[in-house]
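Survey of secondary and tertiary structure
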Amino acid sequence: MANLFQSVRGFNDVLPADAAAWQQLQRIAGEVFAAYGYGEIRLPLLEHTALFKRSIGEVTDIVEKEMFSFEDREGDSLTLRPEGTASCVRAGLEHGLLHNQQQRLWYAGPMFRHERPQAGRYRQFHQLGLECYGIAGADADVEAIAVAARLLKRLGLSGLTLELNSLGGADTRARYRAALIGFLQKHEAALDADSKRRMHSNPLRVLDSKSPETQKVLADAPSILDVFDDAARAHFDGVQQGLADLGIAYRVNARLVRGLDYYTSTVFEWTTTQLGAQGTVLAGGRYDGLVEQLGGTPTPAVGWACGVERLLLLQKALGVPTDRGDAHVYFCWLGEAAQREARKLAEQLRDAIPGLRLVLHAGGGKLAAQLKRADKSGAALALIVGDAEIEARTVQVKSLREGAPRAGTEAPAAPEFVAWQELAGRLAGLVRR
Ligand code: ATP
Ligand code: MG
């Protein structure tokens, strides 16, 4: 039996030491989305199961084996959302955001898939994603990719590869489907069980198979690029031209399909070799049919989602310095009078410097013990007040870290005394905006 006092398998806690990097990532993402005029949409965690079946597709890994679905007390089948796009379209239709309009939306939050947990793969994981509605041209694809490129760059992530493909339009895909089934039938014996089963119902899914044997067979599969019609080719050319204009490097991968059925034309993935098998950090594409499929008028759409845990793992793997949530200042005091002054001064500093992380010592004790806590807090500076400082209306400022900003001189050890009214000015530089 499962240990009731451990978290559910694949569902993780994020502790304060890591949460700061999450917050930083989210703040950067919010800035990047805003820089392109994308507005946040907050979507519920729970939807009717039918929404995902109809959008993601019945014959996909997600719907066949990964959804957390259950019956509620009224007997309705509900599912913890495995992704954000279906909910976004549902919400857009429900609130009249999509008909004859252009919408630039982003979302963030937990997603749920019943997969085998391993590094970079969890049952509750987190995505950031964007969706753009109402723009049929390649410019929307290029913009969506540019937002992603800027986000990855702002997060300090380098060495990623952008893989790009197009599934053409409906005609192209129908022709490709036929060609692919023909090819797969010839090699049926060498395919994995899922692929054999899907070969007829959803042959493009086979291209996404994770079985190495199947992938070996697929090396000789026909290429969708060879069956494009004029419209599909023009759109794909437009995307590539736009990326070239912006200096965004990419590699066309004619075998790239996505794990969800709603994609119709452009598809893309950013991959890394640094995270083992979980190499895809951001993925998306155009899904012009989904809004209509879910009951709306035909509406062009393009979007992507990234896995937040994988981005954070990659930052670690690349040694990108991230926020650890450390305090800026640790305030020590010696004696009761000093404690009361320190408490007031601490509030004044928090008023004066938005964003300042100041820990006020609690519990008394010798200065050496207080400084030990100060060091553990990660603070750059310790402030110290005792009776002498109260008398002089000063605070002793002690540098705890190499490179912590100090006033004027290079000389390290000499204690520095700062007048109360100058303290805020002295500390303001600790807060990085
Ligand atoms: P994969 O091939 O790794 O299973 P996917 O194609 O199922 O990914 P999408 O549905 O496109 O993934 O989701 C977008 C991104 O979300 C992925 O590129 C990945 O970064 C992240 N992601 C997907 N599933 C998980 C998971 N179980 N745990 C952590 N991150 C995930
Ligand atoms: Mg998957």
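Preceding block: the structure.
Treat the numbers as computed from the prediction; the structure is a model and nothing was measured.

**Some remarks on the sheet that holds strand β2 (residues 46-48)**
Here we have 3 strands laid out as an open sheet, ordered β2-β4-β3, and antiparallel in their pairing. Each of the sheet's edge strands pairs with one partner strand only, and the pair in question is β2 and β3 (68-71). Direction aside, the axes of adjacent strands within the sheet are offset by 35° on average. In this structure, β3 lies alongside strand β4 (residues 77-80), joined through 4 bridges in antiparallel fashion. By the bridge assignment for β4, Glu-71 is matched with Ser-77.

**A few points about the side chain of Ser-223**
Take Ser-223: it is sitting in the loop between α9 (212-218) and α10 (230-246). Look at Ser-223 and you get buried, because its relative accessible area is 17%. Only 3.1 Å separates the side chain of Ser-223 from the backbone nitrogen of Leu-225, close enough to count as a polar contact. Once you skip the residues sitting within four places of it in the chain, Ser-223 turns out to touch Tyr-176, Ala-254 and Arg-255.

**What to know about helix α4 (residues 85-94)**
Among the 10 residues in α4, 8 count as buried, and that is most of the element. Every buried residue of α4 is listed here: Thr-85, Ala-86, Ser-87, Cys-88, Val-89, Arg-90, Ala-91 and Gly-92. For α4, the secondary structure elements touched by its buried residues are β2, α2 (49-56), β5 (103-112), β6 (124-133) and α11 (290-293). Just downstream of α4 lies Gly-96, where phi reads positive at about 65°.

**What about the side chain of His-328?**
Along the chain, the position of His-328 falls in the loop between α12 (308-317) and β12 (329-333). For His-328, a relative accessible area of 13% translates into the label buried. Those residues in contact with His-328, other than ones at most four positions away along the chain, are Gly-355, Leu-356, Arg-357, Ala-379, Ala-380, Leu-381, Leu-430 and Val-431.

**A look at helix α14 (residues 367-376)**
An α-helical segment advances 3.6 residues per turn. Residues three or four places apart therefore align on the same side. Of all the positions in α14, only Gln-370, Leu-371 and Ala-374 are classed as buried. Each buried residue of α14 sits inside an arc of 100° when the element is viewed along its axis, so together they form one side. Of the exposed residues in α14, those oriented more than 90 degrees away from the buried face are Ala-368, Lys-372, Arg-373 and Lys-376. The inward-facing, buried residues of α14 abut β12, β14 (381-385) and β15 (394-399). Looking one or two residues beyond α14, the residue adopting positive phi is Gly-378, at roughly 80°.

**Focus on the site of ligand 1**
Around ligand 1, the structure places 17 residues, and the nearest of them are Arg-113, Glu-115, Arg-121, Arg-258 and Thr-280. For ligand 1, an oxygen atom lies 3.0 Å from a polar atom in the side chain of Gln-127. Within the backbone of Gly-307, an N or O atom sits 3.3 Å from an oxygen atom of ligand 1. In isolation ligand 1 offers 580 Å² of accessible surface; the protein chains occlude 92% of this area. Those elements that provide at least two residues to the shell around ligand 1 are β6, β10 (280-286) and β11 (301-307). In terms of residue class, the shell around ligand 1 is made up of 7 nonpolar, 4 polar and 6 charged.

What counts as what
- Numbering of residues starts from 1 in each chain and follows the order in which that chain's sequence is written.
- Numbering of ligands from 1 and lettering of chains from A proceed in the order in which they are written.
- In view of the model being predicted, local features appear only for residues whose pLDDT reaches at least 70, and side-chain atom pairs are presented and counted only at 80 or more, with totals across whole chains, interfaces and linings using the full set of residues.
- Side-chain figures throughout are based on the complete set of non-hydrogen atoms in the structure, without hydrogens or water.
- Pairing between two strands is assigned when DSSP locates at least 2 bridges connecting them.
- Elements are defined by DSSP. Helices are runs of H or I of four residues or more, strands are runs of E of two residues or more, and each kind is numbered from the N terminus.
- To get an axis, a line is fitted to the C-alpha atoms, and for a helix only the part in contact is used. The angle between two axes follows their N-to-C directions and goes from 0 to 180 degrees.
- Only protein chains enter the accessibility calculation, which uses a 1.4 Å probe. A residue is then buried if its area is under 20% of the maximum for its type, exposed if over 50%, and partly exposed in between.
- What qualifies as a polar contact is a pair of N or O atoms within 3.5 Å, subject to a donor-acceptor requirement within protein and to the restriction that residues adjacent in sequence count only when both atoms come from side chains.
- Contacts are assigned to residue pairs with any non-hydrogen atoms lying within 4.5 Å of each other.
- By definition, the arc is the one covered by directions from the helix axis to the C-beta atoms.
- Note on definitions. A residue lies near a molecule or strand when any single heavy atom of the residue is within 4 Å of it.
- For the accessible areas, the method is Shrake-Rupley and the probe is 1.4 Å, while residue cover comes only from the protein chains on display.
- Following the grouping adopted for this structure description, the nonpolar residues are Ala, Val, Leu, Ile, Met, Phe, Trp, Tyr, Cys and Pro, the charged ones are Asp, Glu, Lys and Arg, and the polar ones are all others, Gly among them.

Just distances and angles here, no functional claims.
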